[in-house]
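Commentary on secondary and tertiary structure
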Number of protein chains: 2
Amino acid sequence: MSNAIYGRMRPFAHVITLDEARAIVANAARPITRVEPVTLLDAPGRVLAEEVHAAINVPAFDRAMMDGYAVRMADTKGASAAAPARLQLVDALFAGAAPERALAPGECVEIATGAPIPSGADAVVMVEETERHDQAVHIRTAARERQHIAPQGSDIHIGDLVLRAGEVLSAAKVGALAALGLARVPVYARPRVVIFSTGNEVVEPGQASTAASVYDVNRFTLTALVSAHGGHPQPRPPVSDDLDALGRAFDEACDADVLVCSGGSSVGERDLLLDVIRARGDVLFHGIAVKPGKPTAFARVGSTILFGMPGNPTSCLTNGYVLLVPLLRAMARLPPWMPATVRARLGTRVSSPPDRHQFYPVRVDGDVATPVFKGSGDITSLSQADGYFEIPAGSGSMEVGTEVVVRLFEVRGA
Amino acid sequence: MSNAIYGRMRPFAHVITLDEARAIVANAARPITRVEPVTLLDAPGRVLAEEVHAAINVPAFDRAMMDGYAVRMADTKGASAAAPARLQLVDALFAGAAPERALAPGECVEIATGAPIPSGADAVVMVEETERHDQAVHIRTAARERQHIAPQGSDIHIGDLVLRAGEVLSAAKVGALAALGLARVPVYARPRVVIFSTGNEVVEPGQASTAASVYDVNRFTLTALVSAHGGHPQPRPPVSDDLDALGRAFDEACDADVLVCSGGSSVGERDLLLDVIRARGDVLFHGIAVKPGKPTAFARVGSTILFGMPGNPTSCLTNGYVLLVPLLRAMARLPPWMPATVRARLGTRVSSPPDRHQFYPVRVDGDVATPVFKGSGDITSLSQADGYFEIPAGSGSMEVGTEVVVRLFEVRGA
């Protein structure tokens, strides 16, 4: 008969508050310094690693902004419908074609939007303000200087600082890079996040289960979260609950920026995890006064940040939202996550333990928030929730109808 | 000398309002019916195509929720610290191991969180409420029936409807699928969106430019937008501005759900685009009373929806946000986009044409919104903006200090 479980049981040494845990996590987050090139098609959402100065003018030439005629402004002075300026049509310029000759006094050139203005011309007259008679063009209004011309460099001037290091590349910012003719840009690497579940009972979805097994859930929920918040997830198969296997899994993850394992952090198993960590690095905290999610370990092993999440799916994912996401976004140099929020009224009474900060998952129907928490071990506590509200430690119970602010997991339909 | 530009010039036949354009786009959006399997790692953000009923119970067995001892409740009746129940320790059960024997009266089994409850046992006593003396275990409190046991099927019961068709797979919902042991699930295909820019002047970033060329911007901004809103972008190289090339590009895109081309829709070139469309399908509108973005065409060609966007980068991308995103999300069966908004005060006066609904890009610093619109052809009009506010047709000018609601392009830092 084994004596192993009992021998490993010890209470939590020191449970810290959520605010303390958040501060320790924030303090441990080192922004990634590795830089990699990406093509413009892969650039959206990435974080620019270097200043971009314009090496060219945009547009690169004086460019027609309207379809019409390029003219010499002086030639149209005093023109009116009654007394139009009469110019000789000498050429037609399409976009993409360079002008072959300069415009002489008395001449005009038919020009399409986007085409370069020929030298000598200093205005474009819209076709609507003209009349054509074979090779003569009648201009019915006097042109203003430079009208309907986008001057060379008017969008982006050569030498301009176009984007700063640290900017998140939105669609429009990627467009600015394209306008400069850049095919690829340097961005900060995304934090590499190795993810695995631990426990002899954990099997992979798709495999046969046994009378004592459960399917791996946390690998999938954490991978989804890491992808959505700027990380590069590296999900791995479940690791069995013994010192050698766990140590090997840690050592194989030593090039990761973050290692997130789940399971093995409850009273019975956690000493195994803590032993593996302590043999390699420092435990920064273990145990947070939150519900769900209390048995959470946070550590530094070499240059890798480690989260030991509870094995319970709802505890693990809640802590993912509350602690892992801020860490990842800080490392990835992304702005803090600002989930959409809605105000709603509690549909049923909820009670909260006095000594723990509680995250309470709810379904939102109209302006009613219905608690859906079943248990920390129940994935349906979150899969049927639209978001959660918080009950700080010491708040006690909340009655039906109390207004709560629900932070939404995902954007919902209007 | 060519006569081609002039010959193609005709004014817009009929400019419709933004609301009319939105209604026509909404009406044209057919939700995708194609279904494809994805692995759970690829499932986040996808839309489930079938109801998922549970084929197994979760947990699949009565499961210990605490580390401690599995007991027969009846054996602990009346137990107290002064008069503990004394039970004989007969086994140890780890998670993942199936019990080999039933519990007889007077016996207990050491049990770890996650392990199956042996038959005969009907409660778990936490280790903190026990004392061990070799093979004897003293239980200091009477157990309640089924305490610290997650009953078989208590999270998800066999036969339960776990997820509905049409649900967007959040991290937690993917977790529920994993808990059921599913390795892949059927999801709706993302709309295939072919994207290309037209115009002889357009060259690819990374290539040498000429004295009359501009770099392709719209392919990159549109690809970013399509990726972010549930589409599967298929960006293609620029297409030159002639009937054959454009017709060929259309025909090669005939398996796309959406075709978004840009350029070729201004007065000079649009008839070419419209000729290509009319030879193949129906123009649903051409010309919207918006600024920027007026010269926009919308059509149906076979089963493909077509957007002919203005070539000007800011016009094109603005219309992408305002019209393409709603179309895509409806086709992808995603809920409407709800961008974050902030209230801010105008830092400078803006004026708006009386007959057009205007989208005004702004930079937001604290509570001040500074207009950054330079011109429809300027990508920096958007790349330096955090978002935009709207000025409905007929509003005229807005003075410094006017409060505006800014819709943000991307989530910004707190």
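Let's talk about the interface of chain A and chain B
- Contact with chain A, which involves 90 residues of that partner, is made by 90 residues of chain B.
- Both faces considered, chain A and chain B share a buried interface measuring about 7300 Å² in area, 67% of it formed by carbon and sulfur atoms.
- Where chain A touches chain B, the interface holds zero salt bridges.
- Where chain A touches chain B, the interface holds 12 residue pairs in polar contact (both at pLDDT 80 or more).
- At eight residues, helix H3 (residues 171-179) of chain A tops the list of elements feeding residues into the side of chain A that touches chain B.
- Per-class residue counts for the side of chain A that touches chain B are 53 nonpolar, 23 polar and 14 charged.

Considerations on the domain arrangement of chain A
- Domain annotation of chain A identifies domain 1 (4-34 + 190-331), domain 2 (39-58 + 155-188), domain 3 (63-150) and domain 4 (341-408).
- A straight line from the C-alpha centre of domain 2 of chain A to that of domain 3 of chain A covers 35 Å.

Digging into the sheet that holds strand S20 (residues 297-301) of chain A
All names here are of chain A.
- Here we have six strands laid out as an open sheet, ordered S16-S13-S17-S21-S20-S18, and mixed in their pairing. Both edges of this open sheet fall to strand S16 (232-235) and strand S18 (282-286), since each of them pairs with a single strand only. On average, each strand axis in the sheet is inclined to that of its neighbour by 20 degrees, with strand direction left out of account.
- In this sheet, S20 lies alongside S18 in antiparallel orientation, the contact comprising four bridges. Counterpart to His-286 in the pairing with S20 is Ala-297.
- Across the sheet, helix H5 (residues 243-252) lies against strand S13 (192-197), strand S17 (258-262) and strand S21 (304-309), angled at about 165 degrees from S13, the strand it touches most.

Some words on the relation of the copies chain A and chain B
- Turning chain A through 180 degrees and shifting it by 0.0 Å along the axis lays it on chain B, with an RMSD of 0.1 Å. Put plainly, the chains are arranged around a two-fold axis. Taking the C-alpha atom as reference, chain A places Ala-340 of chain A closest to the rotation axis, 3.7 Å from it.
- The fraction of interface residues of chain A whose copies in chain B are also interface residues reaches 100%, indicating that both copies meet through the same surface.

Brief notes about the sheet that holds strand S8 (residues 130-133) of chain A
Residues and elements named next belong to chain A.
- Strand order across the open sheet formed by six strands is S7-S4-S6-S5-S9-S8, with mixed pairing between neighbours. The sheet terminates laterally at strand S7 (123-126) and S8, the two strands that pair on one side only. Direction aside, the axes of adjacent strands within the sheet are offset by 40 degrees on average.
- One ladder, built from four bridges, connects strand S4 (residues 68-71) with S7; its direction is antiparallel.

As for the packing of helix H4 (residues 218-228) of chain A against helix H7 (residues 313-331) of chain A
Residue and element names in this part refer to chain A.
- At a minimum axis separation of 10 Å, H4 and H7 run at an interaxial angle of 25 degrees. Comparing their axes, H7 and H4 come out roughly parallel. Judged by the sense of rotation from one axis to the other, the crossing of H4 with H7 is right-handed. Contacts from Asn-218, Thr-221, Leu-222, Leu-225, Val-226 and Ala-228 in H4 reach Pro-313, Cys-316, Leu-317, Gly-320, Tyr-321, Leu-324, Val-325, Leu-328 and Arg-329 in H7.

Focus on the confidence of the model for chain A
All names here are of chain A.
- When the pLDDT values of chain A are averaged, the result is 92; 94% of them are 70 or greater.
- Scored below 50 in pLDDT, residues 1-9 shows 35 contacts in the model against residues more than four places distant or in partner chains.
- Per the prediction output, this complex has pTM 0.93; the corresponding ipTM is 0.93.

Some remarks on the state of the cysteines
- Scanning the model with the defined rule gives zero disulfides over all chains in all.
- Not part of a disulfide, Cys-316 of chain B finds its nearest cysteine sulfur in Cys-261 of chain B, a span of 9.4 Å.

Considering the packing of aromatic side chains
- With the rule as written, the count across this model stands at 16 aromatic pairs over all chains.
- With centroids separated by 5.3 Å and ring planes inclined at 20 degrees, the aromatic side chains of Phe-285 of chain A and Phe-298 of chain A adopt a geometry described as stacked. Separated by 13 residues along the polypeptide, Phe-285 of chain A in strand S18 and Phe-298 of chain A in strand S20 bring together distant segments of the chain.
- Take Phe-298 of chain A: its relative accessible area is 0%, and that puts it in the buried class.
- Taken together, a centroid distance of 4.8 Å and an interplanar angle of 55 degrees make the contact between Phe-298 of chain B and Phe-307 of chain B tilted. Here Phe-298 of chain B matches Phe-307 of chain B in class, with each residue buried.
- What links up through ring pairs into an aromatic cluster is the set Tyr-321, Trp-337, Phe-359, Tyr-388 and Phe-409 of chain A.

Some details on H7 of chain A
All names here are of chain A.
- Taking the largest bend as the criterion, H7 deviates by roughly 45 degrees, centred on Gly-320.
- With respect to burial, H7 is a largely interior element, 17 of its 19 residues being buried.
- Phi turns positive, to about 65 degrees, at Arg-333, one or two residues after H7.

Considering the environment of His-357 of chain B
Residue and element names in this part refer to chain B.
- By the secondary structure assignment, His-357 is in strand S23 (residues 357-365).
- Expressed as a C-alpha distance, the spacing of His-357 and Asp-62, which sit 295 residues apart in the sequence, is 63 Å.
- The residues touching His-357, leaving out its near neighbours within four places in the chain, are Leu-18, Ala-289, Val-290, Lys-291, Glu-390, Ile-391, Pro-392 and Ala-393.
- Here the side chain of His-357 touches Glu-390 through a polar contact of 2.7 Å, side chain to side chain.

Criteria and cut-off values
Residues numbered from 1 in each chain as written. Chains lettered and ligands numbered in written order. Predicted model: local features only at pLDDT ≥ 70, side-chain atom pairs only at ≥ 80, totals over all residues. Heavy atoms only, no water. Contact = heavy atoms within 4.5 Å. Buried area = accessible area lost by both parts, 1.4 Å probe. Salt bridge = Lys/Arg side-chain N within 4 Å of Asp/Glu carboxyl O. Polar contact = N/O pair within 3.5 Å; in protein donor to acceptor, adjacent residues only side chain to side chain. Helix = DSSP H or I, 4+ residues; strand = E, 2+ residues; numbered from the N terminus. Nonpolar A, V, L, I, M, F, W, Y, C, P; charged D, E, K, R; others polar. Domains from an automatic or database assignment. Pairing = 2+ DSSP bridges. Axes fitted to C-alpha atoms, helices over the stretch in contact; angles between N-to-C directions. Least-squares fit on C-alpha atoms with pLDDT ≥ 70 in both. Parallel < 35°, antiparallel > 145°, perpendicular 65-115°, else oblique. Left-handed = near helix turned anticlockwise from the far one by under 90°. pLDDT = per-residue confidence, 0-100. Disulfide = S-S within 2.5 Å. Phe/Tyr/Trp six-rings, centres within 6.5 Å; stacked < 30°, edge-to-face > 60°. Buried < 20%, exposed > 50% of the residue type's maximum accessible area, 1.4 Å probe, protein only. Bend = angle between axes of the 7 residues up to and from the residue.

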